[in-house]
Amino acid sequence: MDNAFTSFAEGVANGRYSFWLGSGISLGVVPGLWGVIETVIEFLRVSRDPADATCKFNRALGEALQLAGLNAVQVAALDLTVPFNTLPKPTSEPIVSALLKNYAKLLAIRVGTEPFDYLVWNVVKVPETYAAAALQPDVEHLCLAALSLEGVATDMVSANWDPLVERAVAALTNGNEALAPTVVAKPDEVQLHRNRARIIKFHGCAAKAAANEADYRQWLVARHAQIIGWCGNLANQPFMTALVALINEKPTFMLGLSAQDGNIQHVFQTAAKQVAWDINATPPGYVFSENELGLDQRSLLENVYGNQITPANYDAVCDAARIQAFAKPLLTALLLDVLARKLVALIGLMPGPLPGHERQPLIDGIARLRNDLASAATTSVPFIVGLLERWARASQLLRAGEVTQPDVKYIPISADAIPGMAGNQDQAALGLREAAVALGLLGAGVGRGDWSLDAEPATAGAGAVAVTSTRPGAIRTKVYLTANAYFAMLLVGNGELNELEAPILIQAKPLIPSISRSPVGSFGRTGVPPTREISIASMMDACVTFDELYADFRRELAI
């Protein structure tokens, strides 16, 4: 993202992209197409009567195996007396692989006089399987939730039935309904009041179908007839209008989505006929999280770019559209990058005489922190949860001097993407700009080899980070960030900051003279001696070069 896909990363942080989500982002939690196919085959195998040629399950199984490309001799050679998933892989895997490209036809197979969606509703059991209460969000869903709260992933389109992104947002916000994404699961819901983010589930929603079968079962799309007739179905026109408008309004970022379904291809072709994205657009009009693009993804590019794509540039266009990382690592990296870019934007918004070129070392310091954190990262739920919870705690101590919402697991830097941040009048009061400068200085010190940083736990009494000088015999010191002297007083009064631990307290605003305060004393230069207090605002007002700013900061740290 710092090289070939810089404009893409910048576009994400600027809120330019719509996120198109496929089954690949949920494979660690719910069955993907492979699991669906195995479930259907096994159900038909168990339910059939081998001795009855007219058995509806027997006939359906035969049709499924024929769809997989097996002839009568190959079908007869299959051992159908044992569970399908226990067959030797050289036998079972070619069958499932063949059906992956024909999953919609498989789910459309008629089972006697059962309802058309019998295999979807009664066998795959979409509500029970994809909306089970026990299902918990994975890395992808948590990252998407955080990015939506940061205002950069506000438009999501999902071919998935599961409610895992919604559950991730609820988990991070303690179920704050005002921050929950608006879920559009049937055509008339495009008119729903829109919250910060919206997810258009054009193939339906398992959670809504479980809660209200009468209204939502019919909108669960999986069967061949539904997919090929989707775009021509007048009832779906609101979906079509919304999706085409979104494709034309924002570049497309696909995660875990093969784009094999005919309705997806048709929607993109329709949008391209209205307003085609320039093949050299910045940021790029189409980006896929894939190691290699599949045939359907390449076909989509060929159709949307039309005569802009030629045999001569075809390979280059496909290469430029693929980020060779899957959703877990890519979304983890994007989250870290968005946070870093927002901090950089805040450094630019910080008042003071320090000119732009002298702020570059602060920007480099933020990049150093981002990269060190990325190097330590694992694409796991514990890492993401730990990161978000620490961020939420540090944010509350900065903005309020205390943890007022312990069950809130993430607080964004801002609800706006980067272009809208300059219009946020609360930044001055919250100390966000000064905090960004402080982090840039801390990162610069790491880069210069003057100290190291490590994480603090997300528990009471923990700092934002801890700093240790590289001098021999140096001790680890907690660092606290807060907006002003009143919040600093709250840190002490609530037991968050223990002055006897000789912590470093970085305040955004100028330090105030000693003011008598109840038993916890006062903050200012006459506070308890071990606490080293630093004002970022005062430093930024006084310094005209980075070297001067850094020297003052290092002197005040006294480590």
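Conventions we followed
- Residues numbered from 1 in each chain as written.
- Predicted model: local features only at pLDDT ≥ 70, side-chain atom pairs only at ≥ 80, totals over all residues.
- Heavy atoms only, no water.
- Buried < 20%, exposed > 50% of the residue type's maximum accessible area, 1.4 Å probe, protein only.
- Helix = DSSP H or I, 4+ residues; strand = E, 2+ residues; numbered from the N terminus.
- Pairing = 2+ DSSP bridges.
- 1 Å grid on protein atoms, 1.4 Å probe; cavity = no way out; pocket = protein on both sides within 12 Å on 5 of 7 lines; lining within 4 Å.
- Points joined across faces, edges and corners; volume = space filled by probe spheres on them.
- Nonpolar A, V, L, I, M, F, W, Y, C, P; charged D, E, K, R; others polar.
- Salt bridge = Lys/Arg side-chain N within 4 Å of Asp/Glu carboxyl O.
- Contact = heavy atoms within 4.5 Å.
- Polar contact = N/O pair within 3.5 Å; in protein donor to acceptor, adjacent residues only side chain to side chain.
- Axes fitted to C-alpha atoms, helices over the stretch in contact; angles between N-to-C directions.
- pLDDT = per-residue confidence, 0-100.
- Core = buried A, V, L, I, M, F, W, Y, C linked by side-chain atoms within 4.5 Å.
- Expected span 1.5 Å × (residues − 1).
- Arc of directions from axis to C-beta.

Enquirer: Sorry, what's going on with the pairing of strand S4 (residues 198-201) here?
Expert: Remember that side chains alternate between the two faces of the sheet whenever the strand is regular. Residue alternation in S4 divides its side chains into two sets, Arg198 and Ile200 and Ile199 and Lys201, and both sets are buried. Examined bridge by bridge, strand S3 (residues 182-184) and S4 share three bridges and lie parallel to one another. Residue pairing across strands places Thr182 opposite Arg198, the latter belonging to S4.

Enquirer: What is the right way to read empty space enclosed by the protein from this model?
Expert: In this approach a probe as big as a water molecule rolls over the atoms, and the regions it shows empty are the leftover space. In total, this model carries three cavities of 30 Å³ or more according to the counting rule given. By volume, the largest cavity is sized at about 60 Å³. Surrounding the largest cavity, Leu21, Ile25, Ser26, His141, Ser158, Asn160, Asp162, Val165, Glu166, Ile199 and Lys201 form its lining. Only helix H10 (164-173) and S4 provide two or more residues apiece to the lining of the largest cavity. In terms of residue class, the lining of the largest cavity is built from four nonpolar, four polar and three charged. Contributing to the lining of the second largest cavity are Arg390, Arg393, Ala394, Leu397, Glu456, Pro457, Ala462, Gly463 and Ala464. For the lining of the second largest cavity, the residue count by class is five nonpolar, one polar and three charged.

Enquirer: Help me understand the layout of surface pockets, please; the structure alone is not making it clear to me.
Expert: Counted as a void, the largest pocket has a volume near 1000 Å³. Where the lining of the largest pocket is concerned, the elements lending two or more residues are helix H2 (33-47), helix H6 (103-107), helix H16 (295-305) and helix H18 (327-349). Tallied by class, residues from the lining of the largest pocket come to 20 nonpolar, 13 polar and eight charged. Approximately 870 Å³ is the volume found for the second largest pocket. Forming the boundary of the second largest pocket are 33 residues, of which Leu373, Trp391, Leu439, Ala464 and Val465 lie nearest the centre. At the level of secondary structure, the elements contributing two or more residues to the lining of the second largest pocket comprise H18, helix H19 (360-376), helix H20 (381-400), helix H23 (432-448) and strand S8 (451-455). It is H20 that contributes the most residues to the lining of the second largest pocket, 10 residues altogether. Classifying every residue of the lining of the second largest pocket by side-chain character gives 25 nonpolar, two polar and six charged.

Enquirer: Please clarify how the pattern of salt bridges should be interpreted in this entry.
Expert: For side chains of opposite charge, pairing can occur when their charged atoms come near one another. Across all of its chains, the model carries 28 salt bridges by this definition. Salt-bridge contacts for Glu140 lead to Lys328; the nearest nitrogen and oxygen are separated by 3.2 Å. Here Glu140, found in helix H9 (residues 139-149), pairs with Lys328, found in helix H18; they are 188 residues apart in sequence, far enough to count as distant. Of the charged contacts in the structure, one is a salt bridge between Asp155 and Arg194, with a shortest N-O distance of 2.7 Å. Taken together, the residues span a long stretch of sequence, with Asp155 in strand S2 (residues 155-158) and Arg194 in the loop between S3 and S4 at a distance of 39 residues. By relative accessible area, Asp155 is classed as buried at 7%. Members of the salt-bridge network, linked through shared partners, are Asp2, Asp337, Arg341 and Arg370.

Enquirer: Hey, could you run me through unusual backbone geometry in this one?
Expert: Peptide bonds are, in most cases, trans, and in most cases residues other than glycine have a negative phi. Going from Thr282 to Pro283, the amide bond is cis rather than trans, its omega being -5°. Among the structural elements, Pro283 can be located in the loop between helix H15 (262-274) and strand S6 (286-289). Here the phi dihedral of Ala259 falls at roughly 65°; this positive angle occurs in a residue that is not glycine. Looking at the element boundaries, Ala259 is found in the loop between strand S5 (252-255) and H15.

Enquirer: I'm lost on the environment of Asp117 in this one. Help?
Expert: Mapped onto the secondary structure, Asp117 falls in the loop between H6 and helix H7 (118-123). Along the backbone, Asp117 and Leu107 are 10 residues apart, and their C-alpha atoms lie at a distance of 7.7 Å. Beyond its immediate stretch of four places on either side in the chain, Asp117 contacts Asn122, Arg217 and Arg223. Among the polar contacts listed, one links the side chain of Asp117 to the side chain of Arg217, at a separation of 2.8 Å.

Enquirer: Just checking my understanding: could you explain the sheet that holds strand S1 (residues 18-21) for this structure?
Expert: The strands making up a sheet associate through hydrogen bonds between their backbones, and the pairing can be parallel or antiparallel. With respect to topology, seven strands assemble into an open sheet ordered S3-S4-S2-S1-S5-S6-S7, the strand pairing being parallel. With partners counted over all chains shown, the strands left at the sheet margins are S3 and strand S7 (322-323), one partner each.

Enquirer: Before we go on, may I ask you to explain the sheet that holds strand S10 (residues 477-482) in this structure?
Expert: Ordered in space as S8-S9-S10-S11-S12, the five strands form an open sheet in which the pairing is mixed. On the outer flanks of this sheet lie S8 and strand S12 (532-535), each paired with one strand and no other. Within this sheet the neighbouring strands show an average axis-to-axis angle of 30°, counted without direction. Here three bridges tie strand S9 (residues 465-469) to S10, and the two strands are oriented antiparallel to one another.

Enquirer: Just checking my understanding: could you explain helix H1 (residues 6-13) for this structure?
Expert: Within H1 the residues assigned to the buried category are Phe8, Ala9, Gly11, Val12 and Ala13. Looking at the buried positions of H1, the neighbouring elements they touch are S1, S5, S6, S7, H18 and helix H21 (418-421). Positive phi shows up at Gly15, right after H1, with a value of about 75°.

Enquirer: Looking at this structure, how should I read the confidence of the model for the protein?
Expert: Caution applies to low-pLDDT parts of the model: their predicted coordinates are not meant to be read in detail. Per-residue pLDDT for the protein has a mean of 94; in total, 97% of the residues score no lower than 70. In the predicted structure, residues 514-521 sits below a pLDDT of 50 and forms 12 contacts with residues beyond four places in sequence or in another chain. With pLDDT under 50 throughout, residues 525-529 is counted as low confidence; its partners more than four residues away or in other chains account for eight contacts.

Enquirer: So what exactly am I meant to see when it comes to the side chain of Glu189 here?
Expert: Of note, Glu189 is situated in the loop between S3 and S4. Setting aside its immediate chain neighbours within four residues, Glu189 contacts Val183, Val184, Lys208 and Tyr216.

Enquirer: Is there a simple way to think about the nonpolar core in this case?
Expert: The nonpolar side chains of a soluble globular protein tend to be buried with one another. Ranked by size, the top nonpolar core spans 84 residues in total, and within it Phe19 and Phe553 carry the most contacts. It is H18 that contributes the most residues to this core, 13 residues altogether. Once you skip the residues sitting within four places of it in the chain, Phe553 turns out to touch Ala438, Leu441, Leu442, Trp451, Ile506, Ile534, Ile536 and Met539. In this structure, Phe57, Leu80, Ile227 and Leu300 belong to the second largest nonpolar core, which totals 83 residues.

Enquirer: Got a minute to help me understand helix H3 (residues 56-67) in this structure?
Expert: Residues lying three or four places apart along an α-helix face the same way, a consequence of the helix completing one turn every 3.6 residues. Between its first and last C-alpha atoms H3 spans 16 Å; for 12 residues at 1.5 Å apiece the expected length is 16 Å, and the two agree. Listing the buried residues of H3 in full gives Phe57, Asn58, Ala60, Leu61, Ala64 and Leu65. The buried residues of H3 occupy an angular sector of 165° when projected down its axis, which confines them to one face. Exposed residues on H3 whose side chains face more than 90 degrees from its buried face are Arg59 and Gln66. Where H3 is buried, its residues touch H2, helix H4 (72-77), helix H5 (89-100), H6 and H7. Phi for Gly69, located one or two positions after H3, is positive at around 95°.

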